[in-house]
Amino acid sequence: LGFDSLWVGDHIAFHVPIPDSLTLLAFAAGVTERVSLGTAVYLLPLRHPTLIAKSTASLDLLSGGRLVLGVGVGGEFPPEFEAVGVPVGERGSRADEAISVVRRHWTEERVAHEGRHFRFGAVNVAPKPGRVPPIWVGGRADVAMRRAGRVGDGYISHMCAADKYAENMALIAETARATGRGEIPFTPAA
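Predicted, not measured: the structure shown is a model, and the values here were computed from it. (Residues numbered from 1 in each chain as written. Predicted model: local features only at pLDDT ≥ 70, side-chain atom pairs only at ≥ 80, totals over all residues. Heavy atoms only, no water.)

## Quick word on the environment of Lys-164
So, point 1. One can find Lys-164 in helix H6 (residues 162-178).
So, point 2. Judged by its relative accessible area of 27%, Lys-164 is partly exposed.
So, point 3. Considering only alpha carbons, one finds Lys-164 and Phe-3, 161 residues apart in sequence, at a separation of 28 Å.
So, point 4. Not counting the four nearest positions on each side in its chain, Lys-164 is found in contact with Asp-142 and His-158. (Helix = DSSP H or I, 4+ residues; strand = E, 2+ residues; numbered from the N terminus. Buried < 20%, exposed > 50% of the residue type's maximum accessible area, 1.4 Å probe, protein only. Contact = heavy atoms within 4.5 Å.)

## Notes on the pairing of strand S2 (residues 36-43)
So, point 1. The buried fraction of S2 is high, at 6 of 8 residues.
So, point 2. Bridge count for strand S1 (residues 5-8) against S2 is 4 bridges, and the pairing is parallel. For Trp-7, the partnering residue across the bridge sits in S2 and is Gly-38.
So, point 3. Between the parallel elements S1 and S2, the chain passes through helix H1 (residues 21-30) in a crossover that is right-handed.
So, point 4. Bridge count between S2 and strand S3 (residues 67-72): 5 bridges; the pairing is parallel. Within S3, the residue paired with Leu-37 across the bridge is Leu-67.
So, point 5. You can see the chain leave S2, run along helix H2 (residues 49-62) and come back into S3, and the turn it takes is right-handed. (Pairing = 2+ DSSP bridges. Right-handed = clockwise from strand over helix to strand, strands pointing away.)

## What to know about the side chain of Asp-10
So, point 1. Within the element layout of this structure, Asp-10 appears in the loop between S1 and H1.
So, point 2. From its side chain, Asp-10 meets the backbone nitrogen of Leu-43 in a polar contact 2.9 Å long.
So, point 3. Ignoring any residue separated from it by four or fewer positions in sequence, one finds Asp-10 in contact with Ser-21, Val-41, Tyr-42, Leu-43 and Arg-47. (Polar contact = N/O pair within 3.5 Å; in protein donor to acceptor, adjacent residues only side chain to side chain.)

## Topic: H2
So, point 1. For H2, which comprises 14 residues, the first-to-last C-alpha distance of 20 Å matches the rise-based estimate of 20 Å (1.5 Å per residue) to within 8%.
So, point 2. Within H2 the residues assigned to the buried category are Pro-49, Thr-50, Ile-52, Ala-53, Thr-56, Ala-57, Leu-59 and Asp-60.
So, point 3. In the core, the buried residues of H2 are packed alongside H1, S2, S3, helix H4 (91-107) and strand S5 (119-123).
So, point 4. Of the residues trailing H2, Gly-64 is marked for its positive phi of about 75 degrees. (Expected span 1.5 Å × (residues − 1).)

## A look at the sheet that holds strand S6 (residues 135-138)
So, point 1. Pairing is parallel across the open sheet formed by 6 strands, whose spatial order is S1-S2-S3-S6-S7-S8. A single partner strand is all that each edge strand has here, and the edge strands are S1 and strand S8 (187-189). Ignoring which end each strand starts from, the neighbouring axes of this sheet average 20 degrees apart.
So, point 2. On the sheet, H1 packs against S1, S2 and S3 and is oriented at approximately 175 degrees with respect to S2.
So, point 3. Together, strand S7 (154-156) and S8 form the strand contacts of H6, whose direction differs from that of S7 by roughly 150 degrees. (Axes fitted to C-alpha atoms, helices over the stretch in contact; angles between N-to-C directions.)

## Concerning a nonpolar patch on the surface
So, point 1. A contiguous nonpolar patch, built from Leu-1, Phe-3 and Leu-6 and spanning about 380 Å² of accessible area, is present on the exposed surface.
So, point 2. By the element assignment, Phe-3 lies in the segment before S1. (Patch = residues over 30% accessible without salt bridge, like charges linked within 9 Å, V, L, I, M, F, W, Y side chains within 5 Å. Areas by Shrake-Rupley, 256 points an atom, 1.4 Å probe, with all protein chains shown as cover. Salt bridge = Lys/Arg side-chain N within 4 Å of Asp/Glu carboxyl O.)

## Some words on the pattern of salt bridges
So, point 1. Summed over all chains, the structure comprises 9 salt bridges.
So, point 2. Across the salt bridge formed by Arg-150 and Asp-96, the nearest N and O atoms sit 3.3 Å from each other. Highlighted residues: Arg-150 in helix H5 (residues 142-151) and Asp-96 in helix H4, separated in sequence by 54 residues.
So, point 3. Under the relative-accessibility criterion, Arg-150 is labelled partly exposed at 32%.
So, point 4. Exposure remark for Asp-96: the relative accessible area of 29% places this residue in the partly exposed category.

Structure below.
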C-alpha cells in the first residue's frame with residue numbers, strides 16, 4: 001500500500017483501551033516485510049530497562065532490523081505510574097538511566113549496572129537485535145529536547161506549531177554540539 005512506517009502509542013493503563021505497543025508491532029512485523037515499525041512513544045520509566053532491552057531486541061531481530069524505538073517519559077496519567085510502583089517525579093531520571101542500560105544490553109556481551117534506579121549483576125541479554133535500533137526521543141519540555149540532543153538518534157515532536165518545532169530543533173542541536181554529538185546523524189520527525 002506504499003506505507004513507509006507504522007507507529008503505535010504506549011500506555012500500561014489509560015483513559016481509553018490501548019493494546020501493548022510491542023505486541024502490536026510484533027504482529028505488524030509478521031504481516032509486513034519492509035515498513036519501519038516504531039513506538040511514538042514508549043514510556044521507558046514504566047518498565048525495567050533489562051525487560052525493555054529483551055523485548056525490543058527480539059522485535060528488531062524478528063522484524064529484520066526494522067524497529068525505531070521512540071521513547072518518552074509520560075506522566076499525563078499518574079495512576080499508571082502508581083500501578084507499577086514508579087514515582088511520577090522520577091520519570092525523567094529513570095528514562096535517562098534506562099536509555100543507557102538498554103543500549104548496553106543491545107551491544108555488550110555481559111552487563112552489570114549499579115545506578116540510581118536500577119541495580120543488577122552481570123547478565124547477557126540475548127539474542128541481540130538485528131542491528132542497534134535507533135532511539136528517537138519525544139516530549140514537550142526543554143528537558144526532552146536536551147535529552148534528544150544528548151542521547152537521541154532522532155526526535156519525535158509533540159503537536160506544536162512550526163515555529164515551536166524550529167525552537168525545539170535549535171535546542172536539540174545546541175545540546176548535541178555542547179555534548180560533542182553535533183556531527184552524529186539525527187532524524188527529526190513529527
